[in-house]
Amino acid sequence: MSLDLVTMLGADAPNVMVEKLRFLGPEIVLFLATCAVMVLGLSPQRALRQACALVAGGGLLLSAVVAQVSPVMETSLFPQFLPYAKTLIAAVGVLMVLLVTGTIDRDFEAEIDRGRPFDAIRSNRGEFYAFLLFSLTGLMLVVTADDLVWLFLALELTSLPTYVMVSISTKRARSQEAGVKYFFLGALGAAVFLYGFAMLYGATGTTMIWGDGTEPGIAQALQVQMAAGGLSPIAMLGIVLSILGICFKIAAVPMHFYTPDVYEGAASPVSAFLAFVPKAAGIIALIYLLSTVGWQWGAGEGSLPDPVRVLLWTIAALTMTVGNVLAILQTSVKRVLAYSSIAHSGYMLVGLIAGPGDGGLTSNGLAASMFYLLCYGFMNLGTFAVLACLERDENGERVELETFDDLRGLCATRPWVGWTMVLCSASLLGVPPLLGFVGKLFLFTSAISAGEIALVIVLGVNSAVAAFYYLRLIGAPMLESPTDHTRSLQPAESPWRVVAGVLSAASVIVLVPFSGVLIRVSSEATSPVEITVEATASAAPIERPDGIDR
């Protein structure tokens, strides 16, 4: 039986599409920049090929400006969230572009210098920057998502380019191995949360997360169920599966196993990219999904259903503990940072469990998670930048730093690089008065305000455990004497990596005086509008497309 598309979408579908474009200015800018770098990367002229980084960085800066003048999304539960989150993404993205400069086509460009003719089919520079921008575009689309189909496609656009970036980041076989592992486990994670999305559609009859003002969405439908006595089994299954699937994006237990192998196999700049972009996508997606089952009930009155809260509580506690304990056992710095990334995902989940709080500035757990995500983006990028800034000789091949021996005495031999590692590691640990301390303090206060005292204790204990390996990262460059090995380290070809690292290290100091402003902006962006049960209980019954009442 044929279906009339206009009937399915409604007569106002074209207007809805046009209306949606109003919120996609930053994404359109990034798409145009992506098209430009794909063309420039194939140019026979080296100057044009090298312009890929400049175009990518310029596109991100322009997208941040466009985000600030973009309208708010009235149909969202968080109307002010779009400009804030997209500006955050663009700011960290600019530093990412600086860090990845020089990662691709080093040997290819060296062959051209020796007289080999340019061969466009062997040039990967344009594709690499295009994948980077596509992934960041997907992350911004996650922010704009108000529909499960849109959210799924945005999450996949965020992840799919990273599989290729991992595989082509180095010539070594373990990069290809890491890319394959990442791809197959990523497919598993996508299948799990997609099945959860299907369950949510089955329980509510709609894919819209918050509705569009004319018909109810998942949030309103689930709120009616909660008012009537609790979520239906299908809805609960959908929420649980969605959370577990998205745990892959943020590298949280039990979907964390790929993290150390993938981070170790990829080039350090790509590992830094993986530590922020998919994690940001997952945290934002979780905020949107969890908002459908509790936070919209009004400040101080609503909470997550007990099964959802217990699940998140368990995941957060296990993620913090597993990440920190296993990081202690590692000898590779990249694996230490990989397990550290797992632990920080657990920290951010604490804020999601706390929720938006009672409206107080320091009680908004969602703002705490987003502010900590910003802090983590800068701090973590700085540590990976140190590994990418210097290279050592291994069987005639120049490779990035990997072991603690590579870091010994760097503050004496390479002060800019060594002190970058010291400051960023200390900030990740939460040493006052650095930016990481402010971020963790915000998480503590929001969780205490929400009454999650046991979880605060787990967070505090894990922060103390993390001191063991972070102090190793601080002590090796600052306190230990340089060796012949560290003196023989050579700087990477791209000086922009040092710039990215120094800017990251500077941010953990310079942003501290402005942390109050950033916290206030984060709180305003993540404060949900109130949707009451009375406002939705009288809504028209939700129907399936075939006309059968749900």
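Residues numbered from 1 in each chain as written. Predicted model: local features only at pLDDT ≥ 70, side-chain atom pairs only at ≥ 80, totals over all residues. Heavy atoms only, no water.

A. Fine view of the packing of helix 16 (residues 365-389) against helix 18 (residues 415-429). Packing of helix 16 against helix 18 brings their axes to within 9 Å, and their N-to-C directions diverge by 150 degrees. With respect to helix 18, the axis of helix 16 lies roughly antiparallel. Here the hand of the crossing between helix 16 and helix 18 comes out left-handed. Facing helix 16, whose interface residues are Tyr372, Tyr376, Met379, Asn380, Gly382, Thr383, Val386, Leu387 and Cys389, helix 18 presents Val417, Thr420, Met421, Cys424, Ser425, Ser427 and Leu428. Its residues assigned to classes, the contact of helix 16 with helix 18 comprises ten nonpolar, six polar and no charged. (Axes fitted to C-alpha atoms, helices over the stretch in contact; angles between N-to-C directions. Helix = DSSP H or I, 4+ residues; strand = E, 2+ residues; numbered from the N terminus. Parallel < 35°, antiparallel > 145°, perpendicular 65-115°, else oblique. Left-handed = near helix turned anticlockwise from the far one by under 90°. Contact = heavy atoms within 4.5 Å. Nonpolar A, V, L, I, M, F, W, Y, C, P; charged D, E, K, R; others polar.)

B. Just the nonpolar core, in detail. Phe81, Ile243, Leu349, Met370, Leu407 and Leu473 are the most contacted members of the largest nonpolar core, which totals 173 residues. Ranked by the residues each element gives to this core, the list is headed by helix 16, at 19 residues. If sequence neighbours within four positions are ignored, Leu407 has contacts with Val333, Val386, Leu387, Leu401, Met421, Leu473, Ala476 and Pro477. (Core = buried A, V, L, I, M, F, W, Y, C linked by side-chain atoms within 4.5 Å. Buried < 20%, exposed > 50% of the residue type's maximum accessible area, 1.4 Å probe, protein only.)

C. Main features of the pattern of salt bridges. A complete count under the given rule lists 24 salt bridges for this structure. For Glu109, the salt bridge is made with Arg125, and the minimal N-O distance between the two is 3.0 Å. Taken as a pair, Glu109 in helix 6 (residues 106-113) and Arg125 in helix 7 (residues 125-144) lie far apart in primary sequence, 16 residues in all. Neither residue differs from the other here; Glu109 and Arg125 are each classed as buried. A salt bridge links Glu111 to Arg122; the shortest N-O distance between them is 2.8 Å. Placement of Glu111 in helix 6 and of Arg122 in the loop between helix 6 and helix 7 is noted, with a sequence separation of eleven residues between them. A relative accessible area of 30% places Arg122 in the partly exposed class. Through salt bridges with shared partners, one network takes in Arg46, Arg49, Glu109, Asp113 and Arg125. (Salt bridge = Lys/Arg side-chain N within 4 Å of Asp/Glu carboxyl O.)

D. Summary view of a nonpolar patch on the surface. A cluster of nonpolar residues, Ile509, Val510, Phe514, Val517 and Val521, forms a patch on the protein surface that exposes about 410 Å² of accessible area. Secondary-structure elements contributing two or more residues to the nonpolar patch are helix 22 (496-510) and helix 23 (515-525). Looking at the secondary structure, you find Phe514 in the loop between helix 22 and helix 23. Accessibility expressed as a relative area gives 47% for Phe514, which makes it partly exposed. (Patch = residues over 30% accessible without salt bridge, like charges linked within 9 Å, V, L, I, M, F, W, Y side chains within 5 Å. Areas by Shrake-Rupley, 256 points an atom, 1.4 Å probe, with all protein chains shown as cover.)

E. Up close: the pairing of strand 1 (residues 390-394). Taken together, the two bridges between strand 1 and strand 3 (residues 490-491) define a ladder with antiparallel strand orientation. Residue pairing in the sheet places Leu390 in a bridge with Pro491 of strand 3. In this structure, strand 1 lies alongside strand 2 (residues 397-400), joined through four bridges in antiparallel fashion. Each residue of the ladder has a partner; that of Arg392, found in strand 2, is Val399. (Pairing = 2+ DSSP bridges.)

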